[in-house]
Amino acid sequence: MQLPKIYKDKDADLNLIKNKSIGIIGYGNQGRAQALNLLDSGMNVSIGLRKESSSWKMAVDSGLNCTPVNDIVKNCDIISLLIPDQVMKEVYSENIEPHLTEGKTLLFSHGYNIHYNLIQPPKFINVVMAAPSGAGSELRKQFKIGKGIPGLIAVHQDYTGDSFDIALSYSKAIGLTRMGVFESTFKEETETDLFGEQIILTGGIPKLIQSAYKVLLEANYNPITAWFVCYYELKTIVDLFHSKGFEFMNQAISDTAEFGGITRGNRIINENVRNEMRLALEEIQSGKFHKEWMNEYESGYPQLKNMREQEKQIPIEEISKQLLKALCENK
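Keep in mind the model is a prediction, meaning the values are calculated, not measured. (Residues numbered from 1 in each chain as written. Predicted model: local features only at pLDDT ≥ 70, side-chain atom pairs only at ≥ 80, totals over all residues. Heavy atoms only, no water.)

### What about the pattern of salt bridges?
Summed over all chains, the structure comprises 11 salt bridges. The residue Asp239 makes a salt bridge to Lys235 at a minimum N-O spacing of 2.7 Å. Here Asp239 and its partner Lys235 are both found in helix α12 (residues 234-244), 4 residues apart, which amounts to about one turn of the helix. Given the relative accessible area of 39%, Asp239 is considered partly exposed. Connected through shared salt-bridge partners, Lys5, Lys10 and Asp11 make up one network. (Salt bridge = Lys/Arg side-chain N within 4 Å of Asp/Glu carboxyl O. Helix = DSSP H or I, 4+ residues; strand = E, 2+ residues; numbered from the N terminus. Buried < 20%, exposed > 50% of the residue type's maximum accessible area, 1.4 Å probe, protein only.)

Printed below as a string of structure tokens:
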């Protein structure tokens, strides 16, 4: 398999955006990280927030200029939307769209609102994406030690003819090209990101851990011992295959663990599980999940609130808090 081109620091020109004004709308996990990385890269960056936002003082204390969203859009060449998917359409319609002028660049770090047509930008602007493959906290952490995390870039609309290079330059300024970025599309990034979250990152792995812990408790094993094997040791294994692949992991573990893992793992992740994965992907591709999520948001999050309360009652949650606190104190 031939890999697509990986764009590194040498492929990006910071000067392309150095003389442009960049506005970050939102100061959450990604907004804060990207803004501070841009600032450290010598960019002219400002934060757009509501005047009553609790993040206003935090942004100012970090050395960032903070102004209302309307002013950011009016005065900035690049407008980066880093607010939650479910509120982005409303903010765009009320505070961004009326002030967009020819040649500006609208930048996203997730393609959701463009892909599902919640936001339909005018034809006289650029629409690009620079999507870090990780949380904002990790993006900032790696940047501060001279490293980076990988990411994806995409162009949805190229009005000025240099949109790709702008996205690449922005990616370099926030540290993505230190490790490398790949070209993608808004559709591909959105659908694969949702799938990865639901099936692996925030769905599959947590539920696998919770279920395994519950099975051991039902068999009357010590909760602490069960917690160590189901929860704590996960990071060691993830670090092994994350650094050099699954073959490296198998070489690093015992033959017993390798044999048991492959044979029983194939029984647990069977065709029924893969069919559920396919169904989840179909729901993402068809827009069914999007409609379900928008309905949940517009209804005031009734299911999410209920599920959050249920998650708090899962047996592994309380012991995780206690043991992690105890282990950290000893450390």
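Still to come is the rest of the account.
### Overview of the pairing of strand β2 (residues 44-48)
Burial analysis of β2 places 4 of its 5 residues in the buried class, the great majority of the element. Pairing between strand β1 (residues 21-25) and β2: 5 bridges, direction parallel. From the neighbouring strand, Ile25 faces β2, where its bridge partner is Gly48. Each parallel crossover has a hand, and the one from β1 via helix α2 (residues 29-40) to β2 is right-handed. Where β2 and strand β3 (residues 65-67) come together, 3 bridges link them in parallel fashion. Opposite Gly48, over in β3, you have Thr67 as the bridge partner. (Pairing = 2+ DSSP bridges. Right-handed = clockwise from strand over helix to strand, strands pointing away.)

### So, the sheet that holds strand β8 (residues 181-183)
Strands sit in the order β3-β2-β1-β4-β5-β6-β7-β8 across an open sheet of 8 strands; the sheet is mixed. One side of each edge strand has no neighbouring strand; the edge strands of this open sheet are β3 and β8. Direction aside, neighbouring strands of the sheet carry axes that sit 25° apart on average. By the bridge criterion, 4 bridges tie strand β4 (residues 78-81) to strand β5 (residues 105-108) in an arrangement that is parallel. By the bridge assignment for β5, Ile78 is matched with Thr105. Relative to strand β6 (residues 126-132), helix α9 (residues 186-201) is tilted by about 35°, and along the sheet it contacts β5, β6 and β7 (151-157). (Axes fitted to C-alpha atoms, helices over the stretch in contact; angles between N-to-C directions. Contact = heavy atoms within 4.5 Å.)

### With respect to the environment of Val128
Among the secondary structure elements, Val128 is positioned in strand β6. For the pair Val128 and Glu292, spaced 164 residues apart in the sequence, the C-alpha separation amounts to 26 Å. For Val128, the residues in contact, after removing those within four places along its chain, are Thr105, Leu106, Leu107, Phe108, Ala154, Val155, Ser163, Ala167 and Phe186.

### Observations regarding the packing of α9 against helix α10 (residues 204-218)
Working note: a packed helix pair is described by the angle between its axes plus the distance between those axes. At a closest axis distance of 4 Å, the pairing of α9 and α10 adopts a crossing angle of 10°. Judged by the inter-axis angle, α9 sits roughly parallel to α10. On α10, the residues that touch Gln198, Ile199, Ile200 and Leu201 of α9 are Gly204, Ile205 and Pro206. Residue classes in the contact of α9 with α10 are distributed as 5 nonpolar, 2 polar and no charged. (Parallel < 35°, antiparallel > 145°, perpendicular 65-115°, else oblique. Nonpolar A, V, L, I, M, F, W, Y, C, P; charged D, E, K, R; others polar.)

### Thoughts on the packing of α10 against helix α11 (residues 223-232)
The contact between α10 and α11 brings their axes to 9 Å, and the two run at 150°. Taken together, α10 and α11 sit at an angle that is classed as roughly antiparallel. The element α10 and its partner α11 pack so that their crossing is right-handed. In this structure, α10 contributes Ile209, Ala212, Tyr213, Leu216 and Leu217 to the contact, and α11 contributes Pro223, Ala226, Trp227, Val229, Cys230 and Tyr231. Split by residue class, the contact of α10 with α11 holds 11 nonpolar, no polar and no charged. (Left-handed = near helix turned anticlockwise from the far one by under 90°.)

### Let's talk about the nonpolar core
Ranked by internal contacts, the top residues of the largest apolar core, which has 34 residues, are Ile17, Ile22, Ile24, Tyr27, Leu38, Ile47 and Tyr170. No other element matches helix α8 (residues 163-173), which puts 5 residues into this core. In this structure, Leu38 is in contact with Ile22, Ile24, Met43, Val45, Tyr170, Ala173 and Ile174, ignoring residues within four places of it in sequence. Core analysis: the next-biggest nonpolar cluster, separate from the first, contains 22 residues, Ile79, Leu106, Ile119 and Ile125 among them. (Core = buried A, V, L, I, M, F, W, Y, C linked by side-chain atoms within 4.5 Å.)

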